[in-house]
Amino acid sequence: MIWEIRIKEAIGKVEIPSDFDVVLDAESFLELPVSIRHAHEVARLPMIHRDPFDRMLVAQASLEKRTFRHPRSFDSGVRS
């Protein structure tokens, strides 16, 4: 997810604070490398969504038995 944010920052789609790395270090995020197993899972997903970043997040969450929550769900209390 952080790599997607940084890519979007680099192409001018989002602005992030200059101390973004410090903010992230203060949080308790699980660092999850992209593995070959995750890439294979992306290929098995139905083509409901074509965005490669989103597909990788879903594949990782599925294989690693993690709950994926879209940032907008924090406002509404709805789980995605």
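See the structure shown above.
In this text, all values refer to a predicted model and were calculated from it rather than measured experimentally. All residue numbers here refer to positions counted from 1 along the written sequence of the relevant chain. Local features in this predicted model are restricted to residues whose pLDDT is 70 or higher, and side-chain atom pairs enter the listing and the counts only when it is 80 or higher, whereas totals over whole chains, interfaces and linings include all residues. Hydrogens are left out, water is left out, and the side-chain values use all remaining heavy atoms of the structure.

Moving on: the side chain of His38. Along the chain, His38 turns up in helix α3 (residues 36–44). What makes His38 buried here is its relative accessible area of 2%. N or O atoms within 3.5 Å of each other form a polar contact, as long as, within protein, one can give a hydrogen and the other can take it, and as long as residues adjacent in sequence are counted only when both atoms are side-chain atoms. For His38, the side chain forms a polar contact with the side chain of Glu64, separated by 2.8 Å. Only heavy atoms enter the contact rule, under which two residues are in contact if any of them lie within 4.5 Å. Excluding anything up to four places from it in sequence, His38 contacts Leu32, Pro33, Met56, Ala59, Gln60, Leu63 and Glu64. Each helix is a run of DSSP H or I of at least 4 residues and each strand a run of E of at least 2, with the numbering of both proceeding from the N terminus. When a residue's accessible area, from a 1.4 Å probe over protein chains only, is under 20% of the maximum for its type it is buried; when over 50% it is exposed; and in between it is partly exposed.

In summary, the pairing rule links any two rings of Phe, Tyr or Trp, Trp by its six-membered ring, whose centres are within 6.5 Å, and it sorts them by plane angle into stacked for under 30 degrees, edge-to-face for over 60 and tilted for everything else. Enumeration according to the criterion identifies 1 aromatic pair in this entry. Aromatic pair Trp3 and Phe53: ring centres 4.9 Å apart, planes at 50 degrees, arrangement tilted. Remark: Phe53 occurs in helix α4 (residues 52–63) and Trp3 occurs in helix α1 (residues 2–10); sequence separation between them is 50 residues. You can call Trp3 partly exposed: its relative accessible area is 37%.

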